[in-house]
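Remarks on the overall topology
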Amino acid sequence: MVPFGRVHDLVSDKAMLARVLSPEEIRLFHSTDEPDIPGIAGRLAAKEAVFKLFHVPDQTLPWRGIEILTADGGWPVVRLTGRAAELARLAAVGHIAVSITHDASCAMAVAFTAPNPDHRSAHGSDRQH
Amino acid sequence: MAVTGSIDEVRDWILRRHPERQTIDAEENLIQTRLVDSLTFVELVYVVESTTGVEIDFDNIDIQNFQTLATIEKAFFITA
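Residues numbered from 1 in each chain as written. Chains lettered and ligands numbered in written order. Predicted model: local features only at pLDDT ≥ 70, side-chain atom pairs only at ≥ 80, totals over all residues. Heavy atoms only, no water.

In the annotation of an unreviewed UniProt entry, the entry for chain B reads Acyl carrier protein, and the organism field reads Streptomyces inusitatus.

In this section: the interface of chain A and chain B. On the chain B side, the residues contacting the 18 residues of chain A number 18 residues. Roughly 1600 Å² is buried in total at the junction of chain A and chain B, and carbon and sulfur atoms are behind 55% of that figure. In terms of surface lost to chain B, no three residues of chain A exceed Arg6, Arg19 and Thr60 of chain A, which account for 41% of the buried area on that side. One can count 3 salt bridges joining chain A with chain B. Across the salt bridge formed by Asp59 of chain B and Arg64 of chain A, the nearest N and O atoms sit 2.8 Å from each other. (Contact = heavy atoms within 4.5 Å. Buried area = accessible area lost by both parts, 1.4 Å probe. Salt bridge = Lys/Arg side-chain N within 4 Å of Asp/Glu carboxyl O.)

Okay, helix α2 (residues 38-52) of chain B next. Residue and element names in this part refer to chain B. Helix length check: α2 (15 residues) gives 21 Å between terminal C-alpha atoms against 21 Å at 1.5 Å per residue, within 8%. Taken across its 15 residues, α2 has 13 buried, putting it largely inside the fold. N-capping of α2 is provided by Asp37, with a side-chain oxygen placed 3.1 Å from the backbone N of Leu39. Positive backbone phi, at 80°, marks Gly53, one or two positions downstream of α2. (Helix = DSSP H or I, 4+ residues; strand = E, 2+ residues; numbered from the N terminus. Expected span 1.5 Å × (residues − 1). Buried < 20%, exposed > 50% of the residue type's maximum accessible area, 1.4 Å probe, protein only. Polar contact = N/O pair within 3.5 Å; in protein donor to acceptor, adjacent residues only side chain to side chain.)

Let us now look at the packing of helix α1 (residues 7-17) of chain B against α2 of chain B. Residue and element names in this part refer to chain B. Running from N to C, α1 and α2 cross one another at 150°; their axes reach a closest spacing of 10 Å. In this structure, the crossing between α1 and α2 has a hand that is right-handed. Contact with α1, carried on its side by Glu9, Val10, Trp13, Ile14 and Arg17, involves Thr40, Glu43, Leu44, Val47, Val48 and Thr51 of α2 and no other residues of that element. Residues belonging to the contact of α1 with α2 are distributed by class as follows: 6 nonpolar, 2 polar and 3 charged. (Axes fitted to C-alpha atoms, helices over the stretch in contact; angles between N-to-C directions. Left-handed = near helix turned anticlockwise from the far one by under 90°. Nonpolar A, V, L, I, M, F, W, Y, C, P; charged D, E, K, R; others polar.)

Let's shift gears to the packing of aromatic side chains. For any pair of aromatic rings, geometry is given as the distance between the ring centres together with the angle between the planes. Residues and elements named next belong to chain B. Going through the model one piece at a time under the given rule, you end up with 3 aromatic pairs over all chains. Here the aromatic rings of Phe66 and Phe76 are separated by 5.2 Å at their centres, their planes lie at 45°, and the arrangement is tilted. Residue Phe66 is located in the loop between α2 and α3 (69-77), and its partner Phe76 is located in helix α3; the two are separated by 10 residues in the primary sequence. Of the two residues, Phe66 and Phe76, neither departs from the other in class, the shared state being buried. Each member of the aromatic cluster is reached from another via a ring pair, and the members are Phe41, Phe66 and Phe76. (Phe/Tyr/Trp six-rings, centres within 6.5 Å; stacked < 30°, edge-to-face > 60°.)

What follows is about the nonpolar core. Of all hydrophobic cores here, the largest spans 60 residues; its most connected members are Leu44, Phe54 and Leu80 of chain A together with Ile14 and Phe66 of chain B. Of all the elements, helix α4 (residues 37-53) of chain A adds the most residues to this core, at 9 residues. (Core = buried A, V, L, I, M, F, W, Y, C linked by side-chain atoms within 4.5 Å.)

What follows concerns the pairing of strand β2 (residues 66-70) of chain A. Residues and elements named next belong to chain A. Among the 5 residues in β2, 4 count as buried, and that is most of the element. Across 5 bridges, β2 lies against strand β3 (residues 76-80) in antiparallel orientation. By the bridge assignment, Thr70 is partnered in β3 with Pro76. What sits between the antiparallel neighbours β2 and β3 is a turn of 5 residues, in which Gly74 has the positive phi angle 105°. (Pairing = 2+ DSSP bridges.)

Our focus in this paragraph is α3 of chain B. All names here are of chain B. Within α3 the residues assigned to the buried category are Leu69, Ala70, Ile72, Phe76 and Phe77. Within α3, the buried residues cover an arc of 160° as seen down the axis, which keeps them to one side. In the core, the buried residues of α3 are packed alongside α1 and α2. At the N-terminal end of α3, a side-chain oxygen is found 3.2 Å from the backbone nitrogen of Ala70, two or three residues along, and the residue is Thr68. (Arc of directions from axis to C-beta.)

Bringing unusual backbone geometry into the picture now. Located in the positive-phi region is Asp58 of chain A, a residue other than glycine, with phi close to 55°. By the secondary structure assignment, Asp58 of chain A is in the loop between α4 and β2. Taking relative accessible area as the criterion, Asp58 of chain A reaches 53% and is therefore assigned exposed. Phi angles above zero are rare outside glycine, and Arg34 of chain B is one such case at about 65°. You can see Arg34 of chain B is positioned in the loop between α1 and α2.

As structure tokens, then:
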């Protein structure tokens, strides 16, 4: 869960925002004049939910390596790169789905692993190395 | 290289975010006590960087350096 207030602090500093969102995610949120606070909060909540699937102690959250993008149909899709992809492989986490919801002042997300719909490989889904 | 700020500035920054607290022991685990969560951690790294003038490679952070104020001080404030 991410309160919108926390995001207000982040978006006021571009360098800070660039540490938690990838360039592609930042492009998603700057199509309008005002930053999409609920949208960013939802993404951050989803990144944290995905990270918790990896069950790794003593690791920092690889914010930019867990990208929450948008499918053509509008639903969120997870793309893992770099350390995030490696942590998922080590945790034998396959395809990941997330669901994001918003309330008046915060966003919440849930992430779960599901059998890989494409049956591509035991560990492959949207991961890129 | 001389470090500009002091660990007290980091302690004060954390305390400003936790008005329910008056002090933070140097050995108190900041993460286990939830004084610092994953989002605050991003900002904490930023505070340590701006306080010390040292740039931290955000993608290769050793989280052990951020467990307590003492470990932060040892890793970033005490120069050899």
